[in-house]
Amino acid sequence: PYMIQFRPQIVHLHSPMPMLHGLICKYVLGAKLFITFHGTDANHLPRSRILRALVRRSDKVCYVSTAMRQSMEGALPEDRLLYTPNGVDTAAFPSGSEERQAKILMVGSLRWQKGYPYALDAFAKFRENRPDWSLDIAGVGPLQEELEAKTRDLGLEDSVQFLGMRSRDQVAALMRESRLFLLSSVSEGFPKV
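Residues numbered from 1 in each chain as written. Predicted model: local features only at pLDDT ≥ 70, side-chain atom pairs only at ≥ 80, totals over all residues. Heavy atoms only, no water.

(A) Looking closely at the overall build of the protein chain. Of regular secondary structure, the protein chain possesses seven helices and eight strands. Considering only contacts in the protein chain between residues 6 or more positions apart, those separated by 24 or more positions represent 71%. Counting every atom, the protein chain has about 11,400 Å² of accessible surface; 53% of that belongs to carbon and sulfur. (Helix = DSSP H or I, 4+ residues; strand = E, 2+ residues; numbered from the N terminus. Contact = heavy atoms within 4.5 Å. Areas by Shrake-Rupley, 256 points an atom, 1.4 Å probe, with all protein chains shown as cover.)

This is the structure we're talking about:
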């Protein structure tokens with residue numbers, strides 16, 4: 001009746017406690033323990049004894065890309081691997097149902113991996129020929145103050161809006177109203193956005 005699922009990159013980089021909680025749930029409650037690797041998450045496996053121990057005790061190890069299968073097969077028995085690609089709820093994004101605005105949308109945590117400084121530089125150049133366009137950034141993270149300062153330095157404070165954390169439904173609405181979506185990642189596994 002119970003299932004615990006972890007994404008190693010989030011758990012491993014911040015605290016091993018959720019992993020220990022997952023093991024307790026597995027052995028005390030009889031929960032199933034699933035771990036999902038999203039591309040570069042698997043890079044942490046050789047360096048983390050805690051993550052390797054958790055993987056050995058998991059019921060299934062999920063991976064989101066067929067390109068990952070070969071590296072996963074070498075590390076784990078095939079019967080424990082489960083291909084679980086990211087999905088899209090196509091009903092949330094009906095084609096042509098709304099008028100799109102002159103907006104570019106970015107969604108993701110405000111971290112170095114997402115390449116936001118490059119996106120802001122590119123948007124400044126883009127806006128030279130399209131001054132009516134705006135850029136909305138949905139997400140929170142450790143680079144927020146730095147990115148807001150860069151926005152001011154580029155003179156974009158009238159056209160760049162930091163929206164903070166948004167729910168899945170709010171992100172879908174933002175996507176439906178924006179003309180462009182931008183993902184400027186410099187390091188990415190298999191992005192869910």
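Now, onward.
(B) Just the pattern of salt bridges, in detail. Enumeration according to the criterion identifies four salt bridges in this entry. The partner of Asp158 in a salt bridge is Arg127, and the shortest N-O contact between them spans 3.7 Å. Here Asp158 is found in the loop between α6 (144-153) and β7 (160-164), whereas its partner Arg127 is found in helix α5 (residues 116-129), with 31 residues between them in sequence. On the basis of relative accessible area, Asp158 is assigned to the exposed category, the value being 60%. Salt bridges sharing common partners tie together Lys103, Asp136 and Glu177. (Salt bridge = Lys/Arg side-chain N within 4 Å of Asp/Glu carboxyl O. Buried < 20%, exposed > 50% of the residue type's maximum accessible area, 1.4 Å probe, protein only.)

(C) Focus on the nonpolar core. In terms of nonpolar packing, the biggest core is built from 17 residues, with Leu110, Phe123, Leu135, Ile137, Leu147 and Val160 touching the most fellow members. When contributions to this core are tallied by element, the ones reaching two or more residues are β5 (101-107), α5, β6 (134-138) and β7. At five residues, α5 tops the list of elements feeding residues into this core. Contacts of Val160, omitting those with residues within four sequence positions, involve Leu120, Phe123, Leu135, Ile137 and Thr151. Counting residues in each nonpolar core, the second largest holds 16 residues, with Ala42, Leu54, Tyr63 and Met72 among its members. (Core = buried A, V, L, I, M, F, W, Y, C linked by side-chain atoms within 4.5 Å.)

(D) Summary view of the sheet that holds β5. Strands sit in the order β7-β6-β5-β8 across an open sheet of four strands; the sheet is parallel. Of all the strands in the sheet, the pair left with one neighbour each is β7 and β8 (178-181). The mean angle between the axes of side-by-side strands here comes to 30°, regardless of whether they run parallel or antiparallel. The pairing of β6 with β7 spans four bridges and is parallel. Residue pairing for β7: Ile137 is matched across the bridge by Phe162. (Pairing = 2+ DSSP bridges. Axes fitted to C-alpha atoms, helices over the stretch in contact; angles between N-to-C directions.)

(E) Structural context of the environment of Gly164. On the secondary structure map, Gly164 appears in strand β7. Through-space distance from the C-alpha of Gly164 to that of Ile137 is 7.6 Å; in sequence the pair is 27 residues apart. Not counting chain neighbours up to four residues away, the residues in contact with Gly164 comprise Ile137, Ala138, Gly139 and Val140.

(F) Structural context of the packing of aromatic side chains. Applying the stated criterion across every chain, the model contains three aromatic pairs. Considering the side-chain rings of Phe123 and Phe126, the 6.3 Å spacing of their centres and the 25° angle between planes classify their relative orientation as stacked. With a gap of three residues between them, Phe123 and Phe126 both fall in helix α5, about one helical turn apart. What makes Phe123 buried here is its relative accessible area of 3%. Relative to Trp133, the ring of Phe126 has its centre 5.4 Å away and its plane inclined at 90°; by these criteria the two rings are edge-to-face. A relative accessible area of 10% means that Trp133 is categorised as buried. (Phe/Tyr/Trp six-rings, centres within 6.5 Å; stacked < 30°, edge-to-face > 60°.)

Everything listed is a geometric property; what it means functionally is a separate question.
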